[in-house]
Amino acid sequence: MTLSFNPPLQMPSLFYFPQNQKPSAIALPGTKCIIQPQVSLAHLTSFRVGGEAQWYVAPQNINDVEASFEWLQKQDLPLTLMGAGSNLLVSDRGVSGLVVCTRHLSYSNFDPESGTVTAGAGEPLPKLAWKAAKHGWKGLEWSVGIPGTVGGAVVMNAGAHISSTQDVLVSVKVIAPDGTIETLSAKDLNYSYRSSSLQKDNRLVIEATFQLQPGFTKEEVRAITSQNLQSRKQSQPYDKPSCGSVFRNPNSYKAGWLIEQLGLKGYMIGGAQVAQRHANFILNYNHAKASDIFNLINHVQEQVEKHWAICLHPEVKLLGEF
Ligand SMILES: Cc1cc2nc3c(=O)[nH]c(=O)nc-3n(C[C@H](O)[C@H](O)[C@H](O)COP(=O)(O)OP(=O)(O)OC[C@H]3O[C@@H](n4cnc5c(N)ncnc54)[C@H](O)[C@@H]3O)c2cc1C
């Protein structure tokens, strides 16, 4: 049986303008970069929910980033950074200010001398993992099932199969909203489980360098990479929109196990459902609103707190007002 709860009425978008009063797009001087008004973020996140960015830009290179930040400083608006949007829950009301998405900053350079690879913030992690496998370089096989970008992985300390970003990261190039560019070492990021110091500020990761282990055959590395992907597909639901694991695992427990013991698998609020296959996944099961997912996160937290006296902390990042 699927239990469910009817959600309350939705809040209106923050940026509703009659069609003829919608602000115009802004072309940034000296670049091909265009800042767009009122861009829907739903199709840019893996949950496939949420409202519009007040302003949105997807820079093609560092000059575009600099020009976008310069524009932002003059407007005095808030800044939001995103990669592939695979760990974001965007409010139905949208996000104020400028959303900068790194999806076009996608490249990678393998250096056989040092065994390092330097990748742009927007390079998809699975793509990088397969490229490394093709070179016969070990070190990224664990990351193949994580549908985020290099920048998102660096910030989130993304991990799987007992490995994580901090194990391979050498250094990262970041740019602050005032235009200052710095290279930070992995040590500077104070890494811990799914956490880094970059989560507390709004510096944009431009690119990252990883230390890998060359010298294997591509067949060998491909086989491990492929095996990791298969094992994830068997244990996790990839067929409906989600953000992966919603909650961090609390000390000595698996969040999914705590939730499953309460019989919450399949529980629904509106169109959002606790996944049957993995209780730490919440799915956009049937045209969910962001508020459905938000309410379901709260419900699961309350139940776990009530029955286990454990406070589950979300891994997913909430954007906008809920
Ligand atoms: C099906 C599925 C499975 C998943 N499995 C895993 C897993 O096994 N392990 C795991 O760790 N995660 C997993 N995730 C979650 C997610 O993929 C990771 O957290 C990933 O690292 C997020 O990367 P992203 O590019 O999508 O970042 P986003 O979701 O776009 O952003 C996440 C955070 O990073 C910040 N950010 C993103 N890019 C930058 C940048 N360039 N500079 C500064 N800040 C930035 C954003 O502001 C935000 O705070 C899964 C998600 C899904 C949908």
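Criteria and cut-off values
- Residues numbered from 1 in each chain as written.
- Predicted model: local features only at pLDDT ≥ 70, side-chain atom pairs only at ≥ 80, totals over all residues.
- Axes fitted to C-alpha atoms, helices over the stretch in contact; angles between N-to-C directions.
- Helix = DSSP H or I, 4+ residues; strand = E, 2+ residues; numbered from the N terminus.
- Parallel < 35°, antiparallel > 145°, perpendicular 65-115°, else oblique.
- Contact = placed C-beta atoms within 7 Å.
- Nonpolar A, V, L, I, M, F, W, Y, C, P; charged D, E, K, R; others polar.
- Pairing = 2+ DSSP bridges.
- Domains from an automatic or database assignment.
- Near = placed C-beta within 6 Å.
- Buried ≥ 20, exposed ≤ 12 C-beta atoms within 10 Å, placed from the backbone.

K.L.:
Now, about the packing of helix 2 (residues 125-135) against helix 4 (residues 218-235): what can you tell me, with residues and values included?
P.N.:
With their axes 6 Å apart at the nearest point, helix 2 and helix 4 run at an angle of 150° to one another. Judged on the interaxial angle alone, helix 4 and helix 2 are roughly antiparallel. Contact residues: helix 2 offers A129, W130, A132, A133, K134 and H135, while helix 4 offers K218, V221, R222 and T225. Grouping the constituent residues of the contact of helix 2 with helix 4 by class yields 5 nonpolar, 2 polar and 3 charged.

K.L.:
Lay out the sheet that holds strand 13 (residues 181-185) with the relevant residues and their values.
P.N.:
Read from one edge to the other, the open sheet built from 5 strands follows the order 8-9-14-12-13, with strand pairing classed as antiparallel. Either end of the sheet is taken by a strand with one partner, and the two such strands are strand 8 (108-111) and strand 13. The sheet shows a mean angle of 15° between the axes of neighbouring strands, taken without regard to direction. When strand 12 (residues 169-175) meets strand 14 (residues 204-211), the two strands line up antiparallel, connected through 6 bridges. The residue of strand 14 that forms the bridge with V174 is V205.

K.L.:
Which residues make up the domain arrangement of the chain, and what values do they have?
P.N.:
According to the domain assignment, the chain contains domain 1 (7-101), domain 2 (108-235) and domain 3 (255-319). Opposite the 14 residues of domain 1 that make contact, domain 3 presents 16 residues. With 3 residues, the top contributor of residues to the side of domain 1 that touches domain 3 is strand 6 (residues 88-90).

K.L.:
Got a sec to walk through the site of the ligand? Specific residues and values, please.
P.N.:
The ligand sits among 31 residues. The nearest are G83, G148, G151, G152 and G244. Going through the elements one at a time, strand 5 (79-82), helix 3 (150-156), strand 10 (159-160) and strand 14 are the ones with two or more residues in the shell around the ligand. Class assignment of the residues belonging to the shell around the ligand gives a composition of 17 nonpolar, 13 polar and 1 charged.

K.L.:
So what about the pairing of strand 9 (residues 116-120)? Which residues, and what values?
P.N.:
With 4 of 5 residues buried, strand 9 is to be regarded as a mostly interior element. Pairing analysis gives 4 bridges linking strand 8 to strand 9, with the strands arranged antiparallel. If you follow N109 over to strand 9, its bridge partner there is T118. Once strand 8 ends, the chain turns through 4 residues before running back antiparallel as strand 9, passing G115 with a positive phi of about 70°.

K.L.:
Please provide a residue-by-residue account of the pairing of strand 12, values included.
P.N.:
Consecutive side chains of a regular strand alternate in pointing toward one face of the sheet and then the other. Looking at chain direction, strand 12 and strand 13 are connected through 5 bridges and run antiparallel. Looking at the pairing, S171 lines up with S185 of strand 13. The turn linking strand 12 back onto strand 13 is made up of 5 residues, and G179 within it adopts a positive phi angle of 95°.

K.L.:
How would you sum up the sheet that holds strand 3 (residues 34-40)? Please name residues and give values.
P.N.:
With respect to topology, 5 strands assemble into an open sheet ordered 2-3-4-7-5, the strand pairing being mixed. Either end of the sheet is taken by a strand with one partner, and the two such strands are strand 2 (26-27) and strand 5. Summarising the sheet, strand 5 and strand 7 (residues 95-101) pair through 4 bridges and their orientation is parallel. In the sheet register, M82 faces strand 7, and the bridge partner there is C101. Sitting on the sheet, helix 1 (residues 62-75) is in contact with strand 2, strand 3, strand 4 (52-57), strand 5 and strand 7, with an inclination near 165° to strand 7.

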